[in-house]
Amino acid sequence: MIQLPGGLIRPHNAKLSFLHRVLDGGVIAVSLYACNLALGVPPTIYYGLAGTLAVLLFLLFAEIKGVYHSWRLDPIGREVNHVLIAWMLVVCSLVILAFLSKTSEIYSRRVILVWLVLAPTLLALFRVSMRFWLHALRKRGRNTRTVAFAGSSKLVNRLMAQIESAPWMGLQLSGVYDDQHHEDLPVRGGLSALVEDVRSGKIDYVYITLPSGEEKRIAQLVNDLADTTATVCVVPDLFVFDLLHARWSSIGGIPVVNVFESPFYGVDGWMKRAEDLILGFLILMLAIFPMLLIAIGVKLTSSGPVLFRQRRYGLNGEVIEVLKFRTMRVCEDGASIPQARNGDPRITRFGAFLRRRSLDELPQFFNVLQGTMSIVGPRPHAVAHNEQYRQLIHGYMLRHKVKPGITGWAQVNGWRGETDTLDKMRRRIEFDLAYMRDWSLWLDIKIIFLTIFTGFSGKNAY
């Protein structure tokens with residue numbers, strides 16, 4: 001088998017052209033100049049310096065976020081998301097530099113604010129326009145690639161369905177090749193026929209989907225295809241696992257797959273923490289007066305402390321203390337804690353009002369600033385409930401690969417409050433894990449928006 005220098009596997013990142021980077025830099029610089037002209041502010045050398053720094057920083061962060069690799073197989077929303085995250089990092093960097101250099105007063109706030117909105121809008125619109133143009137070409141049979149599958153494992157049906165449901169990728173199915181016949185798949189020929197078709201230029205992409213136990217056949221096929229120009233991808237059968245934000249990494253150059261991984265890794269982790277700090281501080285400033293009124297109400301309507309501290313599992317299963325306004329006549333935190341139910345005699349009248357509107361959760365924004373919780377994430381359960389459900393629900397503890405949240409994807413989808421059956425808890429966990437698999441900054445914003453307008457009440461909230 002031919003061994004490529006530099007490691008066992010080289011990731012194939014099909015970079016966009018140098019012109020793409022130049023266009024992005026031009027959009028950023030020209031949009032700043034246009035803002036100066038439109039608002040009647042002279043474009044001095046300081047604005048030129050700011051524009052140059054923005055271009056350099058954007059190209060750096062865009063490279064880190066993978067903006068310039070091929071997006072043929074990805075939806076436009078994911079590409080735009082990466083572009084906007086890169087721009088937000090640029091904005092944060094420019095604000096920090098202006099603060100440290102004490103030069104913020106040099107710039108017109110109107111010009112800078114309009115520019116900070118206009119530039120990413122144009123960058124996103126440019127990519128959306130390119131996608132529409134490419135889609136139109138692919139509908140006419142232009143800019144397409146032919147795809148073949150080597151092997152007939154269960155992966156093939158999934159991949160074929162994905163390609164057929166996404167014509168925007170511009171992939172045309174050539175067929176399945178295998179030395180064994182399968183009635184449920186259109187096998188065109190054996191693996192030797194595949195090699196001949198690839199050598200003749202009929203196939204652009206080859207996805208090797210042989211079972212993981214067929215290492216010798218996989219190695220032989222990769223070796224046979226090494227003298228062709230086709231893109232060859234080995235698709236590991238990872239569907240046997242319940243993947244959670246899986247990603248490739250390496251140990252001393254040896255590639256490994258992280259099957260269970262937190263989505264908040266690297267830059268994404270910084271973005272998540274910045275979101276918590278900025279929004280958490282702003283919300284606390286707005287909520288501080290209502291919180292004082294609630295504290296007085298708790299104290300006047302029942303005896304006991306204003307705040308209730310309950311032990312719950314946080315990130316990586318570590319025990320944390322979660323703050324809440326006390327809504328019950330008792331402060332239970334033992335080995336067995338009954339869930340609150342409709343008409344629960346432990347709940348005070350004022351506490352019932354707080355629980356229906358989730359106002360008892362407001363002190364948890366102090367947990368957010370402290371770093372033990374996030375604004376958005378799986379809701380934390382009492383330690384006793386965690387120990388109960390981890391034995392009953394497969395994958396339950398995976399929700400602790402991220403910080404618990406004040407609100408979450410499960411809550412805005414109706415799985416809030418009492419979980420009096422095992423099936424209800426399973427559904428909540430499904431939404432928690434779906435949030436972790438699909439996380440993006442925009443999903444967090446969507447959940448916060450839904451929480452404000454629909455998530456503060458519910459039929460199971462008591």
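The coordinates are above.
Parameters at a glance
- Residues numbered from 1 in each chain as written.
- Predicted model: local features only at pLDDT ≥ 70, side-chain atom pairs only at ≥ 80, totals over all residues.
- Heavy atoms only, no water.
- Helix = DSSP H or I, 4+ residues; strand = E, 2+ residues; numbered from the N terminus.
- Buried < 20%, exposed > 50% of the residue type's maximum accessible area, 1.4 Å probe, protein only.
- Areas by Shrake-Rupley, 256 points an atom, 1.4 Å probe, with all protein chains shown as cover.
- Core = buried A, V, L, I, M, F, W, Y, C linked by side-chain atoms within 4.5 Å.
- Contact = heavy atoms within 4.5 Å.
- Salt bridge = Lys/Arg side-chain N within 4 Å of Asp/Glu carboxyl O.
- Patch = residues over 30% accessible without salt bridge, like charges linked within 9 Å, V, L, I, M, F, W, Y side chains within 5 Å.
- Phe/Tyr/Trp six-rings, centres within 6.5 Å; stacked < 30°, edge-to-face > 60°.
- Lys NZ or Arg CZ within 6 Å of the ring centre and 35° of its normal.
- Arc of directions from axis to C-beta.

Draft legend 1. Main features of the overall build of the protein chain. Within the protein chain one finds 14 helices and eleven strands. Burial status across the protein chain gives 44% buried among its 462 residues. With the model as given, the accessible surface of the protein chain reaches about 25,200 Å², and the carbon-plus-sulfur share is 62%.

Draft legend 2. Representation of unusual backbone geometry in the model. With a phi close to 55°, Lys102 is a non-glycine residue in the positive phi region. Note that Lys102 resides in the loop between helix H3 (76-101) and helix H4 (109-139). Looking at Lys102, the relative accessible area reads 68%, which means it is exposed. At Asn316, a position not held by glycine, the phi torsion is positive, near 60°. Locating Asn316 in the fold gives a position in the loop between strand S8 (307-313) and strand S9 (319-325). Judged by its relative accessible area of 53%, Asn316 is exposed.

Draft legend 3. Broad picture of the nonpolar core. Core analysis: the largest hydrophobic core is formed by 36 residues, its most contacted members being Phe325, Leu362, Trp409, Tyr435 and Ile447. Among the secondary structure elements, those contributing two or more residues to this core are helix H8 (267-301), S9, helix H10 (364-370), strand S10 (374-376), helix H12 (409-412), helix H13 (422-437) and helix H14 (441-455). Discounting residues that sit within four places of it in the chain, Tyr435 has contacts with Phe264, Lys272, Val376, Gly377, Trp409, Leu443, Asp444 and Ile447. The next biggest cluster of nonpolar side chains, apart from the first, holds 29 residues, and it includes Leu32, Leu57, Ala62 and Ala86.

Draft legend 4. How the structure looks around the pattern of salt bridges. This model, assessed by the stated rule, comprises 14 salt bridges. Across the pair Glu361 and Lys324 runs a salt bridge whose closest N-O atoms are separated by 3.9 Å. Residue Glu361 is found in the loop between helix H9 (349-356) and H10, and its partner Lys324 is found in strand S9; the two are separated by 37 residues along the sequence. A residue is classified by how much of its surface remains accessible, and Glu361, at 14% relative accessible area, is buried. A relative accessible area of 10% places Lys324 in the buried class. If you follow the salt bridges from partner to partner, you end up with Lys324, Asp360, Glu361 and Arg379 in one network.

Draft legend 5. Broad picture of a nonpolar patch on the surface. A contiguous nonpolar surface patch, about 740 Å² in accessible area, is contributed by Ile288, Phe289, Leu292, Leu293, Ile296, Leu300 and Phe366. Considering each element in turn, the nonpolar patch owes the most residues, six residues, to H8. Mapped onto the elements of the fold, Leu292 is located in helix H8.

Draft legend 6. Quick look at the packing of aromatic side chains. As enumerated under the stated definition, the model contains eight aromatic pairs in all. Pairing Trp87 with Trp115 gives two aromatic rings, centres 5.7 Å apart and planes at 90°, and the pair type is edge-to-face. Placement of the pair is Trp87 in helix H3 and Trp115 in helix H4, with a sequence separation of 28 residues. Note on Trp87: relative accessible area 3%, which makes it buried. One residue, Arg399, lies across the ring of Tyr396, its end atom 5.6 Å from the ring centre.

Draft legend 7. Looking closely at helix H6 (residues 191-199). Within H6 the residues assigned to the buried category are Leu191, Leu194, Val195, Asp197 and Val198. The buried residues of H6 all sit within an arc of 165° when viewed along its axis, so they share a single face. Contact partners of the buried residues in H6: strand S1 (145-150), strand S2 (171-177), strand S3 (187-189), strand S4 (205-208) and helix H7 (215-224). Just past H6, the residue Gly201 takes up positive phi, approximately 85°.

Geometry only, nothing functional implied.
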